[in-house]
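Analysis of the macromolecular model
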Amino acid sequence: MKNLILALALVFGITTFAQERKMGKEDREKLTPQERVEFQVKRLTKDLDLSTKQAEQVKSLMTKKAEVRDAKKKEMETKRASGTKPTAEEREAMKTKMQDEITSLKTEMKTILTAEQYTKWEQNFEDRKDKMMEKRAEKKGNKERK
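These lines cover the structure that appears in this document, whether it is placed above or below. Bear in mind the structure is a predicted one, so any value in this text is a computation, not a measurement.

Conventions used here
Residues numbered from 1 in each chain as written. Predicted model: local features only at pLDDT ≥ 70, side-chain atom pairs only at ≥ 80, totals over all residues. Heavy atoms only, no water. Axes fitted to C-alpha atoms, helices over the stretch in contact; angles between N-to-C directions. Helix = DSSP H or I, 4+ residues; strand = E, 2+ residues; numbered from the N terminus. Parallel < 35°, antiparallel > 145°, perpendicular 65-115°, else oblique. Contact = heavy atoms within 4.5 Å. Nonpolar A, V, L, I, M, F, W, Y, C, P; charged D, E, K, R; others polar. Salt bridge = Lys/Arg side-chain N within 4 Å of Asp/Glu carboxyl O. Buried < 20%, exposed > 50% of the residue type's maximum accessible area, 1.4 Å probe, protein only. Core = buried A, V, L, I, M, F, W, Y, C linked by side-chain atoms within 4.5 Å. Left-handed = near helix turned anticlockwise from the far one by under 90°. Phe/Tyr/Trp six-rings, centres within 6.5 Å; stacked < 30°, edge-to-face > 60°.

Some details on the packing of helix H4 (residues 52-82) against helix H5 (residues 88-112)
Interhelical geometry of H4 versus H5 gives an angle of 170 degrees and a closest axis separation of 10 Å. Taken together, the axes of H4 and H5 are roughly antiparallel relative to one another. Across from Gln54, Gln57, Val58, Leu61, Lys65, Lys72 and Met76 in H4, the residues of H5 making contact are Met94, Lys97, Glu101, Ser104, Leu105, Glu108, Met109 and Ile112. By residue class, the composition of the contact of H4 with H5 is seven nonpolar, three polar and five charged.

Structure (structure tokens):
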């Protein structure tokens, strides 16, 4: 379950800097889903120099993805509260579905962005993925030492 939430955060958590100061995890959690989308769009507009039309398209896409992510999050919290854990087959299905969603996101972003913007966005996406994997490995290392 943690893996699913982590992966969903990886896929859809394209947020880093809104202003000059970093927003901590606690700050982002206080934001409403709509505020998070606005935050993402502002950052992408700044990083990729998006046009107004592109920004609107990205906002629409991110809003749809946020709705799906929030619904899945609530579903996972319900399952966690009831104490049921996914079976190996369910986990595998979740991983496959997650990969499909990543592919879908990349395809949709490719249609919105120019080739240069898409290349930069994809590089940022991969950098964020690598950074998350490092943090995840770090956490695992700390758990094993305890």
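Topic: the pattern of salt bridges
One pass over the structure, following the stated rule, counts seven salt bridges. For the salt bridge of Arg43 with Asp47, the shortest nitrogen-to-oxygen distance reads 3.0 Å. Note that Arg43 and Asp47 are positioned in helix H3 (residues 33-48) at a spacing of four residues, about one turn of the helix. Classification of Arg43 by relative accessible area gives buried; the value is 6%. One salt bridge connects Lys79 with Glu75, and the closest N-O pair in it is separated by 3.5 Å. One end of the pair is Lys79 and the other is Glu75, both in helix H4 and four residues apart, which spans about a single turn. The partly exposed category is assigned to Lys79, whose relative accessible area is 35%. Residues joined in a network through salt bridges with shared partners are Lys106, Glu122 and Glu126.

Quick look at the nonpolar core
One finds Leu44, Val58, Met109, Leu113 and Trp121 to be the most contacted residues of the largest nonpolar core, which totals 18 residues. For this core, the elements supplying multiple residues, two or more each, are H3, H4, H5 and helix H6 (115-145).

Let's talk about the packing of H3 against H4
For the pair H3 and H4, the least separation of the axes is 9 Å and the interaxial angle reads 140 degrees. The orientation of H3 relative to H4 falls into the category oblique. As H3 runs across H4, the sense of the crossing is right-handed. For the pair H3 and H4, contact is made by Pro33, Gln34, Arg36, Val37, Glu38, Gln40, Val41, Leu44 and Thr45 and by Ala55, Val58, Lys59, Met62, Thr63, Ala66, Arg69 and Asp70, respectively. Along the lines of polarity and charge, the residues of the contact of H3 with H4 split into eight nonpolar, four polar and five charged.

Here's the deal with the packing of aromatic side chains
Per the counting criterion, the structure on display carries two aromatic pairs. Taking 5.8 Å as the distance between ring centres and 35 degrees as the angle between the ring planes, the aromatic pair formed by Tyr118 and Trp121 counts as tilted. With Tyr118 and Trp121 both in helix H6 and three residues apart, the pair spans about one turn of that helix. Grouping residues by exposure puts Tyr118 and Trp121 together as buried. Members of the aromatic cluster, connected to one another through ring pairs, are Tyr118, Trp121 and Phe125.

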